[in-house]
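Below are the chains, spelled out letter by letter.
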Amino acid sequence: MPIKGYNFPPLIFLTELGTQCNFAQFYLNKLLEAAPKWREGIRGEDFHTAMPPRDIMTYCTSFLSSTALIAKFLYSGKRKKQRITRRCTRLRELLGIDTLPTLKNLAIRNSFEHIDERLDELFLTIRVGKLDLLSVTGESPSHDTVVLKRFDPQRLTISSFNDELSLIDCESEILQVQTGIEGAFAKLKEGKFDLWTIG
């Protein structure tokens, strides 16, 4: 049975949400492919077969962008417009999802997106220490080092300043969303679903 025209709005939201999940999974897979070479303790002669740190950080940034959009579809955050808060609540209901704590937490994504503001704050307070602009390593930074962007190939995390995101936790929640989307499409065939009416 096809989805009726009155369910066009939730259909479009679900489709775009699914697209962002697919993008996030693609970028995540690239990072998972890159990790083993760096976990082994890369040597100079291995650099030609390992993914360059620049490419790894590009995938990190793209992954964070897609997961941020997934979160915006499902959580209103600081946005107070009733239409947005209702739509987020209703989409989670349609997906059968209660909470996604990792995707909902925007701290690491905000660090990446607002790096200029974080640097403003840093240079107001920092007097001594080291600054690591871009790092791909499983070794923890020293206590006097501020890391702007880091991918840990052993723990599979992305970090910026003091914020950190687990790729494995993200992947688990993305899979929950994708499973929810499949069930939601089936619900849309059964009857009308209003994205902006609670209850």
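Keep in mind it's a predicted model, so treat the numbers as computed, not measured.

Conventions adopted
- Residues numbered from 1 in each chain as written.
- Predicted model: local features only at pLDDT ≥ 70, side-chain atom pairs only at ≥ 80, totals over all residues.
- Heavy atoms only, no water.
- Core = buried A, V, L, I, M, F, W, Y, C linked by side-chain atoms within 4.5 Å.
- Buried < 20%, exposed > 50% of the residue type's maximum accessible area, 1.4 Å probe, protein only.
- Helix = DSSP H or I, 4+ residues; strand = E, 2+ residues; numbered from the N terminus.
- Contact = heavy atoms within 4.5 Å.
- 1 Å grid on protein atoms, 1.4 Å probe; cavity = no way out; pocket = protein on both sides within 12 Å on 5 of 7 lines; lining within 4 Å.
- Points joined across faces, edges and corners; volume = space filled by probe spheres on them.
- Nonpolar A, V, L, I, M, F, W, Y, C, P; charged D, E, K, R; others polar.
- Axes fitted to C-alpha atoms, helices over the stretch in contact; angles between N-to-C directions.
- Parallel < 35°, antiparallel > 145°, perpendicular 65-115°, else oblique.
- Left-handed = near helix turned anticlockwise from the far one by under 90°.
- Patch = residues over 30% accessible without salt bridge, like charges linked within 9 Å, V, L, I, M, F, W, Y side chains within 5 Å.
- Areas by Shrake-Rupley, 256 points an atom, 1.4 Å probe, with all protein chains shown as cover.
- Salt bridge = Lys/Arg side-chain N within 4 Å of Asp/Glu carboxyl O.
- Pairing = 2+ DSSP bridges.

Enquirer: Got a sec to walk through the nonpolar core? Specific residues and values, please.
Expert: Among the nonpolar cores identified, the biggest contains 44 residues, and Ile56, Phe63, Ile70, Leu74, Phe151, Ile158 and Val177 are the most heavily contacted of them. Elements represented by at least two residues in this core include exactly α1 (8–39), α2 (53–74), α3 (82–95), α5 (107–113) and α7 (167–190). Apart from the residues lying within four places of it in its own chain, the contact partners of isoleucine 56 are Leu31, Ala34, Trp38, Met51, Val136 and Phe151. Counting residues in each nonpolar core, the second largest holds five residues, with Leu122, Val146, Leu148 and Phe161 among its members.

Enquirer: Talk me through the layout of surface pockets; I want residue IDs and the actual numbers.
Expert: Looking at the largest pocket, its volume works out to about 340 Å³. Lys72, Gly77, Lys78, Leu106 and Asn110 are, among the 13 residues lining the largest pocket, the residues nearest its centre. Mapped onto the lining of the largest pocket, the elements with two or more residues apiece are α2 and α5. For the lining of the largest pocket, a count of residues per class yields four nonpolar, three polar and six charged. A volume near 290 Å³ is recorded for the second largest pocket. Lining the second largest pocket are 16 residues; nearest its centre among them are Thr145, Val146, Val147, Phe161 and Asn162. For the lining of the second largest pocket, the secondary structure elements donating two or more residues are α6 (115–125), β3 (145–147) and β6 (163–166). Taken together, the residues of the lining of the second largest pocket break down into six nonpolar, four polar and six charged.

Enquirer: Quick one: what's the story with the packing of α1 against α2, residue by residue and with numbers?
Expert: Here α1 crosses α2 at 150 degrees, and the two axes come no closer than 9 Å. Between α1 and α2, the angle falls in the class roughly antiparallel. Here α1 and α2 pass one another in a crossing that is left-handed.

Enquirer: Tell me what's going on with a nonpolar patch on the surface, and back it up with residues and numbers.
Expert: A grouping of Phe123, Leu131, Leu133 and Leu134 is seen on the molecular surface, where their side chains present a nonpolar patch of about 390 Å² in accessible area. With respect to the element layout, leucine 133 can be found in the loop between β1 (130–132) and β2 (135–136).

Enquirer: Tell me about the sheet that holds strand β5 (residues 157–160), and name the residues and values.
Expert: Reading across from one edge, β2-β4-β5-β6 is the order of the four strands in this open sheet, with mixed pairing throughout. Single-partner strands in this sheet number two, and they are β2 and β6. Where β5 and β6 come together, four bridges link them in antiparallel fashion. Within the sheet, the bridge partner assigned to serine 160 lies in β6 and is aspartate 163.

Enquirer: Can you explain the pattern of salt bridges? Please cite residues and give values.
Expert: Close approach of charged atoms lets side chains of opposite charge pair. Here the structure, examined in full by the defined rule, presents six salt bridges. Between glutamate 93 and arginine 90 there is a salt bridge; the shortest N-O distance is 2.8 Å. One end of the pair, glutamate 93, and the other, arginine 90, are both in helix α3, three residues apart, so they sit about a helical turn from each other. Here glutamate 93 falls in the partly exposed class, since its relative accessible area comes to 38%. Take arginine 90: its relative accessible area is 7%, and that puts it in the buried class. The partner of arginine 155 in a salt bridge is aspartate 152, and the shortest N-O contact between them spans 3.7 Å. Exposure remark for arginine 155: the relative accessible area of 47% places this residue in the partly exposed category.

Enquirer: Summarise unusual backbone geometry; cite the residues concerned and give the values.
Expert: Phi at leucine 156 takes a positive value of approximately 55 degrees, unusual for a residue other than glycine. Looking at the element boundaries, leucine 156 is found in the loop between β4 (150–152) and β5. Residue classification places leucine 156 among the buried residues on the basis of a relative accessible area of 12%. Positive phi, close to 55 degrees, is recorded for phenylalanine 161, a residue that is not glycine. Topologically, phenylalanine 161 is positioned in the loop between β5 and β6.

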